[in-house]
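# Summary of the model geometry
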Amino acid sequence: MTTYTITLQNCAFFARHGVHDEEEFLGQRFFVDAELDVVAGEALESDSINDTVNYGIAFTVIEEIVTGKRRYLIEALALDIAKGLCQTFPQVKRAKITVRKPNAPVPGVLDFVQVSVEHFA
């Protein structure tokens, strides 16, 4: 069996996730990386978009989940994205999703908080 990995990196969305009321009120940008392990099937031979993960559709799935219902934890957000991608693309056997939150409410300076979740279909 042959597999390959597709990565969508640094997808940016405005959303209102977090436990604090001000996070819902103000919202902020979230950044998502999706690493998808795909069973090759016929894609490598057929050279057809219909036999692989369509990047545009994958981006839209991520966008709909991130900009949809509010989640308190980015861990839950990452898992929902992973499950959504695996459901949309049955040839995806592993989805590793990383969500970055640059404006996490912490008592200090940092670049971002980041959570990664791996889901196996």
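Being a predicted model, the structure only gives us computed values, none of them experimental. (Residues numbered from 1 in each chain as written. Predicted model: local features only at pLDDT ≥ 70, side-chain atom pairs only at ≥ 80, totals over all residues. Heavy atoms only, no water.)

Take the side chain of Arg100 next. With respect to the helices and strands, Arg100 occurs in strand S3 (residues 92–101). Take Arg100: its relative accessible area is 9%, and that puts it in the buried class. Here Asn10 takes part through its side chain, which lies 2.6 Å from a polar atom of the side chain of Arg100. In this view, Arg100 contacts Asn10, Arg29, Phe30, Phe31, Asp33, Phe112, Val113 and Gln114; residues no more than four positions away in its chain are not counted. (Helix = DSSP H or I, 4+ residues; strand = E, 2+ residues; numbered from the N terminus. Buried < 20%, exposed > 50% of the residue type's maximum accessible area, 1.4 Å probe, protein only. Polar contact = N/O pair within 3.5 Å; in protein donor to acceptor, adjacent residues only side chain to side chain. Contact = heavy atoms within 4.5 Å.)

Our next topic: the UniProt feature "domain: Dihydroneopterin aldolase/epimerase" (unreviewed entry) in the protein. Summarizing the sequence annotation, UniProt attributes the feature "domain: Dihydroneopterin aldolase/epimerase" (unreviewed entry) to residues 6–119 in the numbering used throughout. This span, residues 6–119, is 32% helix and 34% strand, and a straight line between its end C-alpha atoms measures 15 Å. (UniProt positions renumbered as here; feature names shortened; annotations may be inferred.)

Sheet architecture is open: four strands sit in the order S1-S2-S3-S4, paired in antiparallel fashion. At either end of the open sheet lies a strand with only one pairing partner, and these are strand S1 (3–15) and strand S4 (113–120). On average, adjacent strands in this sheet sit at an angle of 15 degrees to one another, irrespective of strand direction. The strands touched by helix H3 (residues 55–66) within the sheet are S1 and strand S2 (28–39), with S1 carrying the most contacts at an inclination of about 40 degrees. Lying on the sheet, helix H4 (residues 74–88) is in contact with S2, S3 and S4; it crosses S3 at an angle near 150 degrees. (Pairing = 2+ DSSP bridges. Axes fitted to C-alpha atoms, helices over the stretch in contact; angles between N-to-C directions.)

A few words now on the layout of surface pockets. Gaps between atoms show up when a probe of the same size as a water molecule is rolled over them. Of the pockets and cavities examined, the largest pocket occupies roughly 170 Å³. Along the wall of the largest pocket there are 13 residues; nearest its centre are Tyr72, Leu73, Ile74, Glu75 and Lys101. When contributions to the lining of the largest pocket are tallied by element, the ones reaching two or more residues are H4 and S4. Across the lining of the largest pocket, the residue classes break down as eight nonpolar, two polar and three charged. (1 Å grid on protein atoms, 1.4 Å probe; cavity = no way out; pocket = protein on both sides within 12 Å on 5 of 7 lines; lining within 4 Å. Points joined across faces, edges and corners; volume = space filled by probe spheres on them. Nonpolar A, V, L, I, M, F, W, Y, C, P; charged D, E, K, R; others polar.)

Both trends apply: most residues other than glycine have a negative phi, and most peptide bonds are in trans. At Asn10, a residue that is not glycine, the phi angle is positive and equals roughly 65 degrees. As for its position among the elements, Asn10 is in strand S1. With phi around 60 degrees, Asp47 is a residue other than glycine that occupies positive phi space. Its location among the elements puts Asp47 in the loop between helix H2 (43–46) and H3.

What follows covers the packing of aromatic side chains. Evaluated as defined, the whole model comprises one aromatic pair. Between the NZ or CZ atom of Arg100 and the centre of the ring of Phe112, over which it lies, the distance is 5.8 Å. (Phe/Tyr/Trp six-rings, centres within 6.5 Å; stacked < 30°, edge-to-face > 60°. Lys NZ or Arg CZ within 6 Å of the ring centre and 35° of its normal.)

Take the nonpolar core next. Ranked by size, the top nonpolar core spans 33 residues in total, and within it Val32, Ile62, Ile81, Leu85, Ile97 and Val99 carry the most contacts. Elements with a contribution of two residues or more to this core: S1, S2, H3, H4, S3 and S4. Per-element tally for this core: the top contributor is H4, with seven residues. (Core = buried A, V, L, I, M, F, W, Y, C linked by side-chain atoms within 4.5 Å.)

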